[in-house]
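Chain residues, written in single-letter form:
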Amino acid sequence: MKIIIHGGFFSESHTNSETKIAKQNALKEIARKGFEFLQNHSALETVVYTVSLLEDNELFNAGIGSQIQSDGKIRMSASLMDGTTQKMSGVINIEDVKNPIQVAEKLLDFEDKVLGGEGATNFARQNGFEAFSTEIPQRREEYLAKKESTGTGTVGCVALDAERKLAVATSTGGKGFEIPGRISDSATVAGNYANQDCAVSCTGVGEDIVSGAVAAKIVTRLTDGFSIDKAFEKTFDELKPFDGFAGAIAIDKSGNVFHQDSHPMMVFASFDGKEFEIFD
Ligand code: ASP
């Protein structure tokens, strides 16, 4: 059993600021809790549980603490994918929901699996997700002061369970100050993808992740015989011509855990019950 999580790209990554340390400690604690949960749950249940914990922590740009768009509203996106069934579900630009990933999970039971905007928010209300404001004062202050993004950040989790099944979930408050209607990569197969061989969650500039089809390419390369490190290497090389800004975490069916970022600012944590690793 393995788990790896990410908390997006941190603008504080090269500092020793209190925020950076707080984020690292939070990731460590959440990776540990996720791993404990994985002992008695499937990979799919675990990625939803773990991403919910990340969404609930206001240090991260997903759920509570999400960034504000150019019109002053928060719109969040989240998706999950079951590597075994290859079913993916997600919400795009949903509003006023505490845990977008749980709405995405609910959609797995429906024929229509990815909903956007008002339709996603209405679906959440109809299915018992109460209205909840995910805005925190700090994001409003940043929005009012700068009227621009303070850096990207998204959360994600990949898990391999006792039955060697893989799953992935990703959730974001977006890149901040975007045009309303902008589609994040986080609820697309570029940002979140899995099959029986590998599962991948991305963070970074959504436009670059979509241009590079990052998660889908890494997974497909594994299936076509690449090792996990070679699949990452080739996919990240393909970002270079347009200086694509992306990071990804992954686990393959043999339990190899891998991560890479195009610019060294992403923070990850992984835990396999014995060893805890944190990277930045
Ligand atoms: N990928 C996210 C987006 O562009 C942002 C991030 O990962 O920080 O919406």
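Preceding this paragraph is the structure being described.
Participant: Looking at this model, I keep getting lost on the overall build of the protein. Mind explaining?
Facilitator: Within the protein, the secondary structure is distributed over 8 helices and 12 strands. At 17 Å, the protein has a C-alpha radius of gyration in line with the 19 Å of a compact globule built from 280 residues. Within the span of the protein, comprising 280 residues, buried residues form 54% of the whole. Intrachain contacts of the protein at a sequence separation of at least 6 include 66% that bridge at least 24 residues. For the protein, the accessible area works out to roughly 11,500 Å², and carbon and sulfur atoms hold 48% of it.

Participant: So what exactly am I meant to see when it comes to the nonpolar core here?
Facilitator: The tendency in soluble globular proteins is for nonpolar side chains to be buried side by side. Residues Ile5, Leu54, Leu80, Val91, Ile94, Ile101 and Val103 are the most contacted members of the largest nonpolar core, which totals 41 residues. Once you skip the residues sitting within four places of it in the chain, leucine 80 turns out to touch Leu44, Val48, Lys87, Met88, Ser89, Ile101, Ala104, Glu105, Leu108, Val168, Ala169 and Asn192.

Participant: Looking at this structure, I do not really get unusual backbone geometry. What am I missing?
Facilitator: With glycine set apart, most residues show a phi of negative sign, and most peptide bonds adopt trans. Even without being glycine, asparagine 93 reaches a positive phi, approximately 55°. Along the chain, asparagine 93 falls in strand 3 (residues 87–94). Given the relative accessible area of 9%, asparagine 93 is considered buried. Located in the positive-phi region is alanine 213, a residue other than glycine, with phi close to 45°.

Participant: Just checking my understanding: could you explain the pairing of strand 5 (residues 154–160) for this structure?
Facilitator: Remark: a regular strand shows side chains that alternate across the two faces of the sheet. Within strand 5, 7 of the 7 residues are buried, which leaves it mostly tucked inside the rest of the structure. With burial as the criterion, each face of strand 5 is covered, one bearing Thr154, Gly156, Val158 and Leu160 and the other bearing Val155, Cys157 and Ala159. Where strand 1 (residues 2–9) lies against strand 5, 5 bridges are found, and the strand directions are antiparallel. In the sheet register, isoleucine 3 faces strand 5, and the bridge partner there is alanine 159. Sheet topology places strand 5 next to strand 6 (residues 166–172); 7 bridges connect them, and they run antiparallel. Paired with valine 158 across the two strands is valine 168, which belongs to strand 6. From the end of strand 5 to the start of strand 6, which pair antiparallel, there are 5 residues, and arginine 164 there has a positive phi angle of about 60°.

Participant: Would you take a moment to explain the packing of helix 2 (residues 43–56) against helix 3 (residues 100–107) for this structure?
Facilitator: Helix-helix packing is characterised by the crossing angle of the two axes and by the distance between the axes. Packing of helix 2 against helix 3 brings their axes to within 8 Å, and their N-to-C directions diverge by 155°. Taken together, the axes of helix 2 and helix 3 are roughly antiparallel relative to one another. Along its contact with helix 2, which presents Val48, Val51, Ser52 and Glu55, the element helix 3 presents Pro100, Ile101, Gln102 and Glu105.

Participant: What is the right way to look at the sheet that holds strand 9 (residues 246–252) in this model?
Facilitator: Strands belonging to one sheet form pairs held by backbone hydrogen bonds; the direction of such a pair is parallel or antiparallel. Spatially, 4 strands are ordered 7-8-9-10 in an open sheet, and the strand pairing comes out antiparallel. Two strands lie at the open edges of the sheet, namely strand 7 (192–194) and strand 10 (257–261), each paired on one side alone. Taking the axes of each pair of neighbouring strands and ignoring which way they run, one obtains an average angle of 10° across the sheet. Sheet topology note: the strand 7/strand 8 (residues 198–204) ladder contains 3 bridges and is antiparallel. The residue bridging asparagine 192 from the neighbouring strand is serine 201, located in strand 8. On the sheet, helix 8 (residues 228–237) packs against strand 8, strand 9 and strand 10 and is oriented at approximately 160° with respect to strand 9.

Participant: What is the right way to look at the side chain of threonine 172 in this model?
Facilitator: With respect to the helices and strands, threonine 172 occurs in strand 6. Looking at threonine 172, its side chain comes within polar contact range of the main-chain nitrogen of glycine 174, at 2.8 Å. Other than its neighbours up to four places away in sequence, threonine 172 contacts Asn61, Ala62, Met76, Ser77, Gly153, Thr154, Ser184 and Ser186.

Participant: How should the site of the ligand be read in this particular structure?
Facilitator: By nearness alone, 13 residues border the ligand, and Gly153, Thr154, Arg182, Asp185 and Thr203 come closest of all. Within the side chain of aspartate 185, a nitrogen or oxygen atom sits 2.6 Å from a nitrogen atom of the ligand. Between an oxygen atom of the ligand and a main-chain N or O atom of glycine 206, the distance comes to 2.9 Å. Across the complex, the protein chains shield 100% of the 270 Å² of accessible surface that the ligand would expose by itself. When its residues are assigned to classes, the shell around the ligand shows 1 nonpolar, 9 polar and 3 charged.

Participant: Is there a simple way to think about helix 7 (residues 214–223) in this case?
Facilitator: Within an α-helix, residues lying three or four positions from one another point in the same direction, as the helix has 3.6 residues per turn. Where burial is concerned, most of helix 7 is hidden: 7 out of the 10 residues are buried. Where helix 7 is concerned, the buried positions are Val214, Ala215, Ala216, Ile218, Val219, Arg221 and Leu222. Those residues of helix 7 hidden inside the fold are in contact with strand 7, strand 8, helix 6 (206–211), helix 8 and strand 9. Following helix 7 by one or two positions, glycine 225 has its phi on the positive side, about 110°.

Criteria and thresholds
- Residues numbered from 1 in each chain as written.
- Predicted model: local features only at pLDDT ≥ 70, side-chain atom pairs only at ≥ 80, totals over all residues.
- Heavy atoms only, no water.
- Helix = DSSP H or I, 4+ residues; strand = E, 2+ residues; numbered from the N terminus.
- Rg over C-alpha atoms; globule rule 2.2 N^0.38 Å.
- Buried < 20%, exposed > 50% of the residue type's maximum accessible area, 1.4 Å probe, protein only.
- Contact = heavy atoms within 4.5 Å.
- Areas by Shrake-Rupley, 256 points an atom, 1.4 Å probe, with all protein chains shown as cover.
- Core = buried A, V, L, I, M, F, W, Y, C linked by side-chain atoms within 4.5 Å.
- Pairing = 2+ DSSP bridges.
- Axes fitted to C-alpha atoms, helices over the stretch in contact; angles between N-to-C directions.
- Parallel < 35°, antiparallel > 145°, perpendicular 65-115°, else oblique.
- Polar contact = N/O pair within 3.5 Å; in protein donor to acceptor, adjacent residues only side chain to side chain.
- Near = heavy atom within 4 Å.
- Nonpolar A, V, L, I, M, F, W, Y, C, P; charged D, E, K, R; others polar.

The values reported here are purely geometric and, on their own, carry no functional implication.
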